[in-house]
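This is what each chain is made of:
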Amino acid sequence: MRFFIALILLFICSVCDAQIKDTVLSVENYNSYIRQKARNLNFLEADKAVIQHHEELKSFFRKLSLLKTQNKGTVNIVHLGDSHIQAGYFSGIVRRGLQQYFGNAGRGLVFPYRLAKSNGPHDYVSFSSNQWKGYRNVNNPDTIATGLMGFVVTSNDTSVSVGISLRNNEGVNYTFNNVELYSGDLGSAQVSVTDSIGLISAKRDSFDSDKYVFPSQVTNLEMNVQNNSGAFKLYGMNLLNDSSGIVYHTIGVNGAECSHFLHQPLLPTQLKNLNTDLYILSFGTNEAFSKSFDVNVFIQTIDSTIQMLKKVSPNAEFLITSPAESCVRIRRGRYASNPKVLLIRNALKNYCDSKAIAFFDLYECVGGKGSMLKFARAHMTDARRIHFTRLGYEIQGLMLLDALMKNTEQ
C-alpha cells in the first residue's frame, strides 16, 4: 500500500512540475515561480539589474508610457543575438512580461527551424511534407543570402506547403489575423494562406504584397505555393493581431557572432518593415571562443552593426547586453572561467560609456567571475558550461525584464 501511495504522489508531483515547465501558468504566476527559484542562487546580484545610461532610451520609455495610458499603437522590439537568443527562453520571459503590462500586439517573427534541422522556441512548431535545405548565416555566408532571421530554407518542389502552429503553453494568447511572409521572388507563383485545417483563408493585402489578413483570429496557418520558377525560399513570417501593445521579435542564430549579421544583403531591407523602436544586441559568447579573437575588431563590428541598423531604423534606440559567463575545459571533467568573456564585458561597457548607449550588465547581474560554475553546481547548465537550462535562461531574462520595468515605472 505504501508503495502504491508513493507512486501516486510521484505521479502528481511530476504532473505539477510538467505544468510548470510547459508554462501553462499565467505570466504573473510563472514569473513568481522563477523568482522563487532564483532566491536559492545566493550568488546572483539582483541589485545590479539596472539599465546603465537608461536616459538614452527615453524615447522608447515615452512610447511605453503612452501605450499604457492611451492603449494605442504598437512598440516594436528586435532582439539580435546567438544561440542564447535562438532558444527563446531568455528573451521569452522579457517578451511575455512586457506584453502582460503593456499589451500583446502579436507573437512577431517566427521561422520553421525544424525544416532547417535546428532548434527553436518552444511555443510554436513548424511542419511540412516537402524536402528542404536549411542555411544559416554562420555556415553559408557567401552561398546564399539568409535574410532577417539569419536563416533560410529552400525547396525545389513545384508544390510547397509550410505550416506554423502556435502552442498554448506560455500563458499568453498569441492568436493572430495578420501574416507577413518573407520569401524569395515568387514571380508567377501562386500563394495561398489558410489556417492549417483549411477552413479559413487569408486574403492577400494587395496583388504585389506579401501580407495576408484572416477574417478572424487563428492559432496556426498553412502556406501553399505553386511554384515553377526555381527554388522557393522562405526567410520567416511575422504574426500579428489588431491589438495595441508590444511586439518583441527575437532573431538568434546558433554559433553566430555579430559579424555574421553585418554583411547579409537582405537583412536591412527586411528589417525595415518592422518599424523597430528598440534594438537589443546580445553578442560575445561565440566571439570568446574564437582563436583569432581581437577585442578591438569585435567592438568595431558592434559599432558597424549599430550604424547599419541606424540607417534601417533612424528613430530606433539601442540596448547592449554583456554575455553571461561561460567556461573552457582545462582537462577532462574540469572547467574554468573563459577569461575572454570578462574582456568582452569590459570592452562593451567602455564602448557604451564612450558612445552613450544603454547597457545591461548581465555578466555582473548573474554573479560575475565564477558564476557559470555556480550555475553548474545548481544543475542549470549544459555539460560544457556554455549554455544554460531553460530555468537558468529565464532567471537571466527576468533580471533584464526587471531592469526595463524599473525605468518604465520612473
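Cut-offs and rules
Residues numbered from 1 in each chain as written. Predicted model: local features only at pLDDT ≥ 70, side-chain atom pairs only at ≥ 80, totals over all residues. Heavy atoms only, no water. Helix = DSSP H or I, 4+ residues; strand = E, 2+ residues; numbered from the N terminus. Polar contact = N/O pair within 3.5 Å; in protein donor to acceptor, adjacent residues only side chain to side chain. Contact = heavy atoms within 4.5 Å. Pairing = 2+ DSSP bridges. Axes fitted to C-alpha atoms, helices over the stretch in contact; angles between N-to-C directions. Buried < 20%, exposed > 50% of the residue type's maximum accessible area, 1.4 Å probe, protein only. Lys, Arg positive; Asp, Glu negative; His and termini not counted. Salt bridge = Lys/Arg side-chain N within 4 Å of Asp/Glu carboxyl O. Expected span 1.5 Å × (residues − 1). Parallel < 35°, antiparallel > 145°, perpendicular 65-115°, else oblique. Left-handed = near helix turned anticlockwise from the far one by under 90°. Nonpolar A, V, L, I, M, F, W, Y, C, P; charged D, E, K, R; others polar. Phe/Tyr/Trp six-rings, centres within 6.5 Å; stacked < 30°, edge-to-face > 60°. Lys NZ or Arg CZ within 6 Å of the ring centre and 35° of its normal. pLDDT = per-residue confidence, 0-100.

### Regarding the side chain of N241
Okay, step 1: Secondary-structure assignment places N241 in the loop between β13 (232-240) and β14 (245-252).
Okay, step 2: Looking at N241, its side chain comes within polar contact range of the main-chain oxygen of N104, at 3.3 Å.
Okay, step 3: At 2.8 Å, the side chain of N241 and the backbone nitrogen of S243 are in polar contact.
Okay, step 4: Once residues lying within four places of it in the same chain are set aside, the contact partners of N241 are N104, A105, G106, T175, F176, N177, N178 and Q217.

### Thoughts on the sheet that holds strand β19 (residues 358-360)
Okay, step 1: Here six strands make up an open sheet; going across it, the order is β1-β19-β16-β15-β2-β14 and the pairing mixed. Looking at the sheet topology across the chains shown, the edges are occupied by β1 (51-52) and β14.
Okay, step 2: Taken strand by strand, helix α9 (residues 339-355) contacts β1, β16 (317-321) and β19, and its axis lies near 155 degrees from that of β19.

### Overview of the side chain of E325
Okay, step 1: Checked against the element boundaries, E325 lands in the loop between β16 and β17 (327-331).
Okay, step 2: In this structure E325 is buried but unpaired, with K369 as the nearest side chain of opposite charge at 7.0 Å.
Okay, step 3: Within the local environment of E325, its side chain forms a polar contact with the backbone nitrogen of S371, the two atoms lying 3.0 Å apart.

### A word on helix α8 (residues 295-312)
Okay, step 1: Its 18 residues place the ends of α8 26 Å apart at the C-alpha level, agreeing with the 26 Å of an ideal helix rising 1.5 Å per residue.
Okay, step 2: Those residues of α8 that sit buried are F298, I299, T301, I302, T305, I306, M308, L309 and V312.
Okay, step 3: In this structure, the buried residues of α8 make contact with β2 (74-81), α6 (259-262), α7 (266-272), β15 (278-282), β16 and α9.
Okay, step 4: Two to three positions downstream of the cap, the backbone nitrogen of N296 sits 2.8 Å from a side-chain oxygen, assigning the N-cap of α8 to D294.

### Considerations on the packing of α8 against α9
Okay, step 1: With their axes 10 Å apart at the nearest point, α8 and α9 run at an angle of 45 degrees to one another. One way to sum up the angle between α8 and α9 is to call them oblique. Crossing angle aside, the handedness with which α8 passes α9 is right-handed. Along the contact surface, α8 presents V295, F298, I299, I302, D303 and I306, while α9 presents L343, I344, A347, L348, Y351 and K355.
Okay, step 2: Class assignment of the residues belonging to the contact of α8 with α9 gives a composition of 10 nonpolar, no polar and two charged.

### Details of the packing of aromatic side chains
Okay, step 1: The final tally for this structure, using the stated rule, is 14 aromatic pairs.
Okay, step 2: Seen from their ring centres, W132 and F232 are 6.3 Å apart, and the 70 degrees between their planes marks the pair as edge-to-face. Linking W132 in the loop between β4 (124-127) and β5 (133-136) with F232 in strand β13, this pair joins segments that are 100 residues apart in sequence.
Okay, step 3: For the cation-ring pair, K68 lies above Y101, with the distance from its terminal atom to the ring centre recorded as 4.0 Å.

### Here we look at the confidence of the model for the protein chain
For residues with low pLDDT, the predicted coordinates do not support detailed interpretation.
Okay, step 1: Mean pLDDT for the protein chain: 91, with 92% of residues reaching 70 or above.
Okay, step 2: Note that residues 3-21 has pLDDT below 50 and, in this model, six contacts with residues that lie over four places away or in other chains.

### With respect to the pairing of strand β11 (residues 211-218)
Okay, step 1: As judged from the four bridges shared by strand β8 (residues 176-183) and β11, these two strands associate in the antiparallel manner. In the sheet register, N178 faces β11, and the bridge partner there is V213.

### Overview of helix α5 (residues 89-102)
Every α-helical turn comprises 3.6 residues, leaving residues that sit three or four positions apart pointing alike.
Okay, step 1: For α5, built from 14 residues, the straight-helix expectation of 20 Å at 1.5 Å per residue is met to within 8% by its first-to-last C-alpha distance of 20 Å.
Okay, step 2: Within α5, 11 of the 14 residues are buried, leaving the element largely enclosed by the surrounding structure.
Okay, step 3: The set of residues buried in α5 consists of F90, S91, G92, I93, V94, R95, R96, G97, L98, Q99 and F102.
Okay, step 4: Positive backbone phi, at 110 degrees, marks G103, one or two positions downstream of α5.

### Examining the pattern of salt bridges
Okay, step 1: Considering all chains together, one arrives at 10 salt bridges under this definition.
Okay, step 2: With a shortest N-O distance of 2.6 Å, K63 and D277 are connected by a salt bridge. Here K63 is found in helix α3 (residues 58-70), whereas its partner D277 is found in the loop between α7 and β15, with 214 residues between them in sequence.
Okay, step 3: Since its relative accessible area comes to 28%, K63 is described here as partly exposed.
Okay, step 4: On the accessibility criterion, D277 (9% relative accessible area) is buried.
Okay, step 5: Ionic pairing is found between R107 and D123, a salt bridge with its closest N-O pair at 2.5 Å. Of the two residues, R107 is situated in the loop between α5 and β3 (108-110) and D123 in the loop between β3 and β4; the sequence distance between them amounts to 16 residues.

### With respect to the environment of T250
Okay, step 1: Positionally, T250 belongs in strand β14.
Okay, step 2: For the pair T250 and G92, spaced 158 residues apart in the sequence, the C-alpha separation amounts to 8.5 Å.

### Let's talk about the pairing of strand β9 (residues 190-194)
Okay, step 1: Inspection of the sheet shows β9 paired to strand β12 (residues 220-226) by five bridges, in the antiparallel sense. Across the sheet, the residue bridging to V191 is V225, located in β12.
Okay, step 2: Bridging between β9 and strand β10 (residues 201-204) involves two bridges; their strand directions are antiparallel. Across the sheet, V193 pairs through a bridge with A202, a residue of β10.
Okay, step 3: Joining the antiparallel neighbours β9 and β10 is a turn of six residues, in which G198 adopts a positive phi near 85 degrees.

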